[in-house]
Amino acid sequence: MDREKRNTNYNLYVESKIPKTKAWPSLFKAFLVGGIICAIGQGFFDLYSHLFPNLAESEVTTCMLMSIIFLTCFFTGIGFYDVIGAWGGAGSVIPITGFSNSISSPAIEFKKEGIIYGICVKMFTIAGPVIVCGVVGSIICGIVGLVI
Amino acid sequence: MISVWDYVISFLVGGFICFLGQILVIRTKITTARILVLFMVIGMVLEVFNVYAPFKEFAKAGASVPIIGFGASLARGAIMATKEYGIIGIFTGGLTAAAGGISMAIFASFLFALIFSSKTKKGGH
Amino acid sequence: MQTIKFKNKPYLLNGYSIVGPLEGKGPLKDYFDYILKDDTLKEKTFEKAERKLLQDIVVGAIDAAGLRVDNIEFFFGGDLLNQIVSSSYTARELGLPFVGVYSACATMAESLALASIFVDNGLAENVVAGTCTHFSSAERQYRFPLELGNQRPPTAQWTITGGGASIVSNTPSNVRVVAATFGRVTDYGIADVNNMGAAMAPAACDTILEHLKNMGRSPKDYDFIATGDLGKLGSEILIDLMEHHKVVLGKNYSDCGCMIYDKTERVFMGGSGAGCSASVFNGYILSKLKKGEFKRVLLVSTGALMSTTTSQQGDTIPGIAHAVEFEYCGGEQKDKAKKQLQSVKVMAGKKSANEKRVNMTVISKKPAKRSGDD
């Protein structure tokens, strides 16, 4: 039996051996965590629209997002966000808090390598693609907007 | 002014988006960076096809807190800026719209990195 | 031949193991020599903590064998950090001639085998072989920042904090090293870094079969066969693979990664890392061997030889396994061994764990000054 065939067979065999875990609990947890984070966001939104009635809706939204981002960085710092993340899975990643956690966690982790080469360089090791794709995507959207 | 319905719909829609994300995680072993990029691009596409605004009107924070909202605001910023400033807007619009979020993420991360250090994970989660 | 049978059968004078707080809650907690309360070891970074850990382990082993650092001729060791820094820095602190060894998580068996070859051929009298891993330093090098809120897939394993070291010597004791088999690098095309057990199982199978064939034995001849860190899934695969070759691994087979953690801890498939087989061997297996509860043991440490770069480039994971066979020789060496054991016991027993640690720092500080001028 040649090597490639052996390897495909082995991979298929391993795949069949991997224990099937129940998906429902983790889906439920993701739903719960994601939902709660969004509801907290709504709370900030209502708070800011009450405090600053002159601001436009989009600006209130920005303030709300900034507050959640700040809080997430704090919770990452005190070592609590990874607990939420391990429990809630995608529920902690997809809200903007996941973006914020993916910037602050390497910043905190690589602090020991110094401020410039640690914090500043490593800050975007995980969230870098989000910013790159965001900028490139927004430029494409701008071009599309110009053409239409 | 504050309505309970806003919270209920935020919870349900936001939760449902994360639910879809978790299905992806389980099925494809997708990593954090990929999930973030994927959902952000979904947000951009929704914005380009003018679906995001009515969706946000309906779902409130359930639409703006997930990274979909971040993508949509990048796209909306770029599109609006081209209407106002022409070609230069293609390049300035996106980041201008998302500046608040990105600046706060960078600033707060820097600040807390100076204050805190990482800790070992407490057992297996 | 792949298997080296030792003519003089070098002795295993003693071993020493230290594990972290999580491992210290596991079912083997009574067998480890020291359990850390704080896994930073009061150091500023996890890398520094790891090298302090290895230093404590090596000094602890030398102490437990009733020797001093200057009685040791060579230090065989390695670890998982890039450029095996923990071992090199330990060797610097202790001022020991250092033979750096790397075969990922199979480092313990490889350094034991090399140490035994040295002693067997009369090239050295007392040699120390040891390794360790630290969960947090491995995590930040191989995976993600510790504070990132991510979930692990169910096939993932948990790098242990801990390690062990053994003293191989020509001074009689009641444990001997009989033979060692160096494994072939085996790759069955697994690319998932979260499924190391499956990537390493074929290597373990290959090495065990080779060792059994060359020694003319069957698994029944061993009281205990231990693989390094295949985990739950990997050891099930190994049993299947061995059955495929018509060799049945019975109840005497277990995996160090499966043994080290409590079943209630959520560590997925079990422990992994170079320190896994090192701590379980020097803690659990060696103490059973010394008492004669195990007469013949086969330790098969398994390693996955990929790097973060190769796995990002989509390469598959090559696995390796080294086997070392030990036997209890308390019967044949009764008088000599008894004396040796008593002196060792007195040495080890009189000191409480705390005193030992104070001792270590004292010993380890002296040569540090010497090595300052390179």
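Above this text you will find the structure in question.
It should be emphasised that the depicted structure is a prediction, and the values quoted were computed from it without experimental measurement.

1. Some details on the overall build of chain A
- Broken down by element type, chain A carries eight helices and zero strands.
- Ordered by position from the N terminus, the helices and strands of chain A form the series α-α-α-α-α-α-α-α.
- Its C-alpha radius of gyration of 21 Å places chain A more than 25% over the 15 Å reference for a compact globule of 148 residues.
- Overall, the C-alpha framework of chain A stretches about 75 × 45 × 40 Å when taken along its three principal axes.
- Sorting the 148 residues of chain A into buried and exposed places 49% on the buried side.

2. What about the interface of chain A and chain B?
- Each partner contributes to the interface: chain A provides 69 residues, whereas chain B provides 69 residues.
- With 16 residues, helix H2 (residues 24-51) of chain A is the single largest residue contributor to the side of chain A that touches chain B.

3. Digging into the packing of helix H8 (residues 128-147) of chain A against helix H5 (residues 67-85) of chain B
- The interhelical angle for the contact between H8(A) and H5(B), taken along N-to-C directions, is 40°, at an axis separation of 8 Å. Here H8(A) lies oblique to H5(B), going by the angle between them. In the crossing of H8(A) with H5(B), the sense of the turn from one axis to the other is right-handed. Of H5(B), the residues touching H8(A) (which contributes A:Gly134, A:Gly137, A:Ser138, A:Ile139, A:Cys141, A:Gly142, A:Gly145 and A:Leu146) are B:Gly71, B:Leu74, B:Ala75, B:Gly77, B:Ala78, B:Ile79, B:Ala81, B:Thr82 and B:Lys83.

4. Focus on the pairing of strand E8 (residues 162-169) of chain C
Residues and elements named next belong to chain C.
- Counting buried positions along E8 gives eight out of eight residues, so the element sits mostly inside the fold.
- Both strand E6 (residues 126-133) and E8 contribute to a ladder of eight bridges, which runs antiparallel. Bridge pairing in E8 links Thr-131 to Gly-164.

5. Some remarks on helix H6 (residues 96-109) of chain A
- The terminal C-alpha atoms of H6(A), which comprises 14 residues, lie 20 Å apart, in line with the 20 Å expected from a rise of 1.5 Å per residue.
- Most of H6(A) sits out of view: 14 of its 14 residues are buried.

6. Structural notes on the nonpolar core
- Membership of the largest hydrophobic core comes to 118 residues, with the highest contact counts inside it found for C:Val58, C:Ala61, C:Val127, C:Val128, C:Ala204, C:Ile285 and C:Leu299.
- What C:Val127 contacts, discounting residues up to four positions off in sequence, is C:Ile72, C:Glu73, C:Phe74, C:Phe76, C:Ala115, C:Phe118, C:Val119 and C:Val168.

7. Some remarks on helix H1 (residues 4-28) of chain B
- For H1(B), which comprises 25 residues, the first-to-last C-alpha distance of 36 Å matches the rise-based estimate of 36 Å (1.5 Å per residue) to within 8%.
- Positioned one or two residues after H1(B), B:Lys29 has a phi angle of 55°, which is positive.

8. Notes on the environment of C:Glu293
- Within the element layout of this structure, C:Glu293 appears in the loop between helix H8 (274-291) and strand E13 (296-304).
- Taking the C-alpha atoms as reference, C:Glu293 lies 8.6 Å from C:Tyr328; in sequence the two are 35 residues apart.

9. Re unusual backbone geometry
Residues and elements named next belong to chain C.
- Phi angles above zero are rare outside glycine, and Lys-42 is one such case at about 60°.
- Mapped onto the elements of the fold, Lys-42 is located in the loop between strand E3 (34-35) and helix H1 (46-64).
- Lys-42 sits in the exposed class, given 8 other C-beta atoms within 10 Å.

10. As for the packing of helix H3 (residues 107-120) of chain C against H8(C)
Residues and elements named next belong to chain C.
- With their axes 7 Å apart at the nearest point, H3 and H8 run at an angle of 60° to one another. Considering the angle they form, H3 stands oblique to H8. Contact residues: H3 offers Thr-107, Met-108 and Ala-109, while H8 offers Ala-274, Ser-277, Ala-278 and Phe-281.
- Tallied by class, residues from the contact of H3 with H8 come to five nonpolar, two polar and no charged.

Each value, and the rule that gives it
Residues numbered from 1 in each chain as written. Chains lettered and ligands numbered in written order. Predicted model: local features only at pLDDT ≥ 70, side-chain atom pairs only at ≥ 80, totals over all residues. Helix = DSSP H or I, 4+ residues; strand = E, 2+ residues; numbered from the N terminus. Rg over C-alpha atoms; globule rule 2.2 N^0.38 Å. Buried ≥ 20, exposed ≤ 12 C-beta atoms within 10 Å, placed from the backbone. Contact = placed C-beta atoms within 7 Å. Axes fitted to C-alpha atoms, helices over the stretch in contact; angles between N-to-C directions. Parallel < 35°, antiparallel > 145°, perpendicular 65-115°, else oblique. Left-handed = near helix turned anticlockwise from the far one by under 90°. Pairing = 2+ DSSP bridges. Expected span 1.5 Å × (residues − 1). Core = buried A, V, L, I, M, F, W, Y, C linked by C-beta atoms within 7 Å. Nonpolar A, V, L, I, M, F, W, Y, C, P; charged D, E, K, R; others polar.

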